Amino acid sequence: MAIAEIKKQVSIFLPVSQWRTLRSEAARLGMPVTELCRQWIIPEIGKLPNITEIRQG
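Residues numbered from 1 in each chain as written. Predicted model: local features only at pLDDT ≥ 70, side-chain atom pairs only at ≥ 80, totals over all residues. Heavy atoms only, no water.

### Quick notes on the overall build of the protein
Note the threshold: Under the scheme used here, helices are H or I runs from DSSP no shorter than 4 residues and strands are E runs no shorter than 2 residues, and both carry numbers assigned from the N terminus. Using a 1.4 Å probe, accessible areas were evaluated by the Shrake-Rupley method; residue-level cover was limited to the displayed protein chains.
Counting secondary structure elements, the protein contains three helices and zero strands. In the protein, the succession of α and β elements from N to C terminus is α-α-α. In the form shown here, the protein has an accessible surface area of approximately 5,800 Å², with 59% of it arising from carbon and sulfur atoms.

As structure tokens, this is what we get:
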């Protein structure tokens with residue numbers, strides 16, 4: 001049986017005008033805003049240095 005990875009929540013504050021644009025795009029694509037944000041953020045996280053690389057640095 002696979003062990004589920006522990007998850008943490010991320011919150012951001014946006015101006016209402018930007019939030020409306022984000023919500024509109026998510027609705028256009030037929031997905032929740034959270035899923036749209038995941039699709040944008042996850043590829044960028046891979047570009048960040050790994051925490052173990054920083055500690056060994």
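There is more to say after this.
### Describing a nonpolar patch on the surface
Definition in use: Patches in this entry comprise residues that are over 30% relatively accessible and not in a salt bridge; like charges within 9 Å are linked, as are nonpolar side chains (Val, Leu, Ile, Met, Phe, Trp, Tyr) within 5 Å. Should a side-chain nitrogen of Lys or Arg be within 4 Å of a carboxyl oxygen of Asp or Glu, the pair is scored as a salt bridge.
Among the surface-exposed residues, Val10, Ile12, Leu14, Val16 and Trp19 lie close enough to one another that they form a single nonpolar patch of about 500 Å² accessible area. Its location among the elements puts Leu14 in the segment before helix H1 (16–29).

### A closer look at the packing of H1 against helix H2 (residues 33–45)
What counts here: Geometry is summarised by axes, namely lines fitted to C-alpha atoms with helices restricted to the contacting stretch, and by angles between N-to-C directions that run from 0 to 180 degrees. In this scheme, roughly parallel covers angles under 35 degrees and roughly antiparallel covers those over 145, while 65 to 115 is roughly perpendicular and the rest are oblique. The contact definition used throughout considers only heavy atoms, calling two residues in contact when any of these lie within 4.5 Å. Three categories are distinguished: nonpolar for Ala, Val, Leu, Ile, Met, Phe, Trp, Tyr, Cys and Pro, charged for Asp, Glu, Lys and Arg, and polar for the others, with Gly belonging to the last.
Packing of H1 against H2 leaves a shortest axis separation of 9 Å and a crossing angle of 95°. For the element pair H1 / H2, the angle class is roughly perpendicular. Along the contact surface, H1 presents Leu22, Arg23, Glu25, Ala26 and Leu29, while H2 presents Val33, Leu36, Cys37 and Trp40. Residues of the contact of H1 with H2, tallied by class, amount to seven nonpolar, no polar and two charged.

### What to know about the pattern of salt bridges
The criterion, for reference: Accessible area is worked out with a 1.4 Å probe on protein chains only. A residue is then buried under 20% of its type maximum, exposed over 50%, and partly exposed in between.
Throughout the structure, instances matching the rule amount to three salt bridges. For the salt bridge of Lys47 with Glu44, the shortest nitrogen-to-oxygen distance reads 3.2 Å. The class of Lys47 is exposed, set by a relative accessible area of 63%. Taking relative accessible area as the criterion, Glu44 reaches 42% and is therefore assigned partly exposed.

### Digging into H1
Going by this rule: Any helix carries an expected span of 1.5 Å times its number of residues minus one.
For H1, built from 14 residues, the straight-helix expectation of 20 Å at 1.5 Å per residue is met to within 8% by its first-to-last C-alpha distance of 20 Å. Downstream of H1 by a residue or two, Gly30 has a phi angle that is positive, lying close to 70°.

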